[in-house]
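Architecture and fold: a report
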Amino acid sequence: MEKQNKPENKNIHEHHNHINHTHHEHSMHEGHEHHNHSDQVQHNHSAHEGHNHSNHGGHSGHHEHMVGDFKKRFWISLVLAIPISYLSPMIEMLFGYDVNFTGDTLLLFLLSTIVFLYGGKPFLLGAWSELKERAPGMMLLISLAIVTAYVYSTLTAFFIEGSDFYFELATLIVIMLLGHWIEMKSIMGASKALEELIKLMPKEAHKIDASGNIVEVSVEDLQPGDQILVKPGEKIPLDGKVFEGKSTVDESMLTGESVPVEKSTGMEAIGGAVNGEGVLKIKVSKTGNETYLAQVIKLVSDAEKTKSKAQGFADIAAKWLFYVAIVVGVITFAYWLTTGELDFALERMVTVLIIACPHALGLATPLVTARSTSIAARKGLLIRNRTSFESAFKLDRIVFDKTGTLTEGNFGVTDIIPSNRVSEDELFRLAYSVEIQSEHPIAKGIVKEGKERKIEPYNVKDYQNLTGKGLVAKVNDTEIAVVSPGTMRANKIAFDESMYEKLAKQGKTVVFVLKDDVLQGMIALADIIRESSFRVIKELNERGIETIMMTGDNSRVANYVGEKLGLSKVIAEVLPHEKSDNVKGLKQGGKKVAMIGDGVNDAPALAEADVGIAIGAGTDVAIETADVVLVNSNPEDILNIIKLSKASHRKMFQNLGWAAGYNIIAIPLAAGVLFSVGIVITPAIGAVVMSLSTIICAINAQLLKID
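Residues numbered from 1 in each chain as written. Predicted model: local features only at pLDDT ≥ 70, side-chain atom pairs only at ≥ 80, totals over all residues. Heavy atoms only, no water.

We now examine the overall build of the protein. Summing up its helical and strand segments, the protein has 26 helices and 23 strands in all. By the burial criterion, 58% of the 707 residues in the protein qualify as buried. The long-range fraction of contacts in the protein, counting pairs at least 24 apart against all pairs at least 6 apart in sequence, stands at 72%. Accessible surface for the protein amounts to roughly 28600 Å². Of this, 55% is attributable to carbon and sulfur atoms. (Helix = DSSP H or I, 4+ residues; strand = E, 2+ residues; numbered from the N terminus. Buried < 20%, exposed > 50% of the residue type's maximum accessible area, 1.4 Å probe, protein only. Contact = heavy atoms within 4.5 Å. Areas by Shrake-Rupley, 256 points an atom, 1.4 Å probe, with all protein chains shown as cover.)

This is the structure we're talking about:
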């Protein structure tokens, strides 16, 4: 196994200088806050009215408006398409009837104009966006077809001889609106990550003025050098240095540190971290864009901007069809113009440009998207970014966060080692009776074990929390203490150092139980590795996908977990910007990298990865930054992401193959390559074949499934 430890950053992560007591000493913390993710995840489809497959940002509420807008445009266009089809000369000829009344051509033109301007507006705006970004895609291809159909049909209606394409115009717009409406209903994209990050910060602070009085002020009014008071259970408002007080601080959501960190005079404090039971006085060192959290926000923003440039599979296909249509259309026009028949040359070119955008293309991917999204929901997956999800089957490396991802994020008892003075059950009962009074993560681990063992706790009194040292209480008039290794050494109480070191090297946190200052034994705890983690790592390794763990936790803990799971690589003691940089490095050489995490500290790396995957029980920030959310918080579901991505890609490829296959035959015939032998595609024949191609795509999409 390859291991890599990143150098510590003293400005932000000074507690890495104290790994020994940070992870193996017992300290109090009752202010731990659990961040539940929002049940309502919304999506903003595009900053424009045109659907852009790759742009998922902006205000989340806009998505529902966009879905409703496409739905309204679809139904209105569908209603108008009925009289347009009835009045269309092509349909008249196809079904052998004749409609002739004063103003029929004008009515056909007016109805078609409404459909073109109203129904076609999202595509025209989307095409303009693609042109500005020099990234031709679906919008430009659709717009090329509908603009050509509308302009040419208008010319034939009033100015020149030729067949009109009003039927193709109306049906193409209706089908494309339907496809985009289906797709938008299925997708849950849009990132609110930056909004969620900003929410983490308190709005007010307790400022200590020149006279020593406490004044409530807005955090925005604080300046470097100001002194603030942080009460137990409160969030630290800004980055700074502790100048008075002692407490433990929960930085797990920010840095990935699984154990609350002891803070005392001279140590750095991070804005957004949750204070424990002690009172801290902090001198503000950073405000605004210089703070730790502001840097995380910038990293997420930069990574999302980079990722949004990616194009989906359908857009890539549409881009090449656009180029083919333009090139073949120009060649067709130039060739037939040499025959001296301008009207015929124009008609052939227009037919090529319209046929290049088959109706099936509008439903080829949305129907697969709807089907795969439905399957994903049943499998506990929430797909938020289709473009990233589509590439998941190509993954070369998967990077896992440790705390809360590969592990449960909760401490569990692993070893109970009594002295020769007491039995194992009695030792644990003493510890359980004292710890049941505490909310510290280590205490919760002991209490959980006690409840599972159905142990009846002793009655305790005179309970005390010795910040940074441990807990003390009276049990049957004897003093029972549960303390850290540092406290044992400070009080010069002997213990089995070799046993302690063995447990510590395994990344376990060890506490000691004393009865009237006499050692009764030791209890070891660790962040419990999920059972599903063993299975998923084994299967990924068998698939040839490199498995990497990257964590803000210390190297002892990380390496122990890495060895247990059989990971390819372990990267420990990293800060959020280092996680993001590491993901960037792992992507070098064209490697596809996924990142799975649950905390604020994972957000920049989730945004940087080709596929960002969040654990459903994680923070809002991680969930809002991710491309896929594991609703059941089970890392094993990564396997379903890969399988479903591969199956979806295969179906999209097949459907686009049908759509493009139609083009391969239809475009040359539309260009008139077999005109000399009397074979040429008429609009009527084109419409029939288009409909058949669309039906095949719809049936094929419904056949999508995974094991």
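After presenting the structure, the write-up continues.
Time to look at the sheet that holds strand β15 (residues 470-475). With respect to topology, 6 strands assemble into an open sheet ordered β13-β18-β17-β16-β15-β14, the strand pairing being antiparallel. Sheet topology places β13 (407-418) and β14 (460-466) at the edges, where each strand pairs with a single neighbour. For this sheet the average axis-to-axis angle between neighbouring strands, irrespective of direction, equals 20 degrees. Relative to strand β18 (residues 518-529), strand β17 (residues 509-515) runs antiparallel, the two sharing 7 bridges. Looking across to β18, one finds that K515 is bridged to V518. (Pairing = 2+ DSSP bridges. Axes fitted to C-alpha atoms, helices over the stretch in contact; angles between N-to-C directions.)

Right, let's get into the packing of helix α12 (residues 342-355) against helix α25 (residues 638-671). Remark: α12 packs on α25, axes separated minimally by 8 Å, with the N-to-C direction vectors making an angle of 170 degrees. Viewed along their axes, α12 and α25 adopt a mutual orientation that is roughly antiparallel. Together, R348, T351, V352 and I355 of α12 and Y662, N663, A666, I667, L669, A670 and A671 of α25 make up the contact between the two elements. Looking at side-chain class alone, the contact of α12 with α25 contains 8 nonpolar, 2 polar and 1 charged residues. (Parallel < 35°, antiparallel > 145°, perpendicular 65-115°, else oblique. Nonpolar A, V, L, I, M, F, W, Y, C, P; charged D, E, K, R; others polar.)

Over its 20 residues, helix α13 (residues 359-378) extends 30 Å from the first C-alpha to the last, a length consistent with the 28 Å expected when each residue adds 1.5 Å. With 15 of 20 residues buried, α13 lies mostly within the body of the structure. (Expected span 1.5 Å × (residues − 1).)

Another point: helix α11 (residues 313-337). Between the first and last C-alpha of α11 there are 36 Å, a value that for 25 residues agrees with the 36 Å anticipated at 1.5 Å per step. Within the sequence span of α11, burial applies to A314, D315, A318, L321, F322, A325, G329, T332 and W336. In this structure, the buried side of α11 is in contact with α5 (121-132), α6 (138-158), α12, α13 and α25.

This part is about the pairing of β18. Most of β18 is tucked away, with 10 of its 12 residues classed as buried. Here β13 pairs with β18 via 8 bridges, running antiparallel. From the neighbouring strand, I417 faces β18, where its bridge partner is M522.

Below, the discussion takes up the UniProt feature "transmembrane region" (unreviewed entry) in the protein. Mapped onto the present numbering, the UniProt feature "transmembrane region" (unreviewed entry) falls on residues 74-95, 107-128, 140-159, 165-182, 317-337, 349-369, 656-679 and 685-704. Taken as a whole, residues 140-159 contains 95% helix and 0% strand, while its terminal C-alpha atoms sit 27 Å from one another. End-to-end, the C-alpha atoms of residues 165-182 are 26 Å apart, and along that stretch the chain is 94% helix and 0% strand. (UniProt positions renumbered as here; feature names shortened; annotations may be inferred.)

Strand order in the open sheet made by the 3 strands is β7-β6-β9, with antiparallel pairing throughout. Each edge of the open sheet carries a strand with a single partner, namely β7 (261-263) and β9 (274-275). Bridge analysis of strand β6 (residues 247-250) against β7 gives 3 bridges, and the strand direction is antiparallel. Across the sheet, V249 pairs through a bridge with V261, a residue of β7.

What follows is about the pattern of salt bridges. The final tally for this structure, using the stated rule, is 20 salt bridges. Put simply, D477 and K461 hold a salt bridge, and the shortest N to O gap is 3.7 Å. In this pair, D477 is assigned in the loop between β15 and β16 (478-483) and K461 in strand β14, connecting sequence segments 16 residues apart. Residue D477 is classed as exposed on the basis of its relative accessible area of 64%. Accessibility expressed as a relative area gives 47% for K461, which makes it partly exposed. (Salt bridge = Lys/Arg side-chain N within 4 Å of Asp/Glu carboxyl O.)

As a further point, take the environment of T265. Among the structural elements, T265 can be located in the loop between β7 and β8 (268-269). Along the sequence, T265 and G245 sit 20 residues apart, while their C-alpha atoms lie 6.5 Å from each other. Once residues within four sequence positions are removed from consideration, T265 is found in contact with V242, F243, E244 and G245.

Before going further, it helps to spend a moment on a nonpolar patch on the surface. Taken together, L106, L110, V147, V151, L155, F158 and F159 make up a surface patch of nonpolar side chains, about 620 Å² in accessible area. Only α4 (104-119) and α6 provide two or more residues apiece to the nonpolar patch. Among the elements that take part in the nonpolar patch, α6 stands out by supplying 4 residues, more than any other. Its place among the elements puts L155 in helix α6. Looking at L155, the relative accessible area reads 31%, which means it is partly exposed. (Patch = residues over 30% accessible without salt bridge, like charges linked within 9 Å, V, L, I, M, F, W, Y side chains within 5 Å.)

The backbone phi angle of D462 is positive, close to 55 degrees, even though this residue is not glycine. Tracing the chain through its elements places D462 in strand β14. Although it is not a glycine, E573 adopts a positive phi angle of roughly 55 degrees. You can see E573 is positioned in the loop between β20 (569-572) and α22 (576-586).

For the protein, mean pLDDT is 81; residues scoring 70 or higher make up 83% of the total. This stretch, residues 1-61, has a pLDDT under 50; its non-local contacts, to residues over four places away or in other chains, come to 223 contacts. (pLDDT = per-residue confidence, 0-100.)

Glancing now at the pairing of strand β2 (residues 204-208). When β2 meets strand β3 (residues 214-218), the two strands line up antiparallel, connected through 5 bridges. Looking across to β3, one finds that H206 is bridged to E216. Pairing of β2 with strand β4 (residues 227-230) involves 3 bridges; the strand directions are antiparallel. Residue pairing across strands places K207 opposite I228, the latter belonging to β4.

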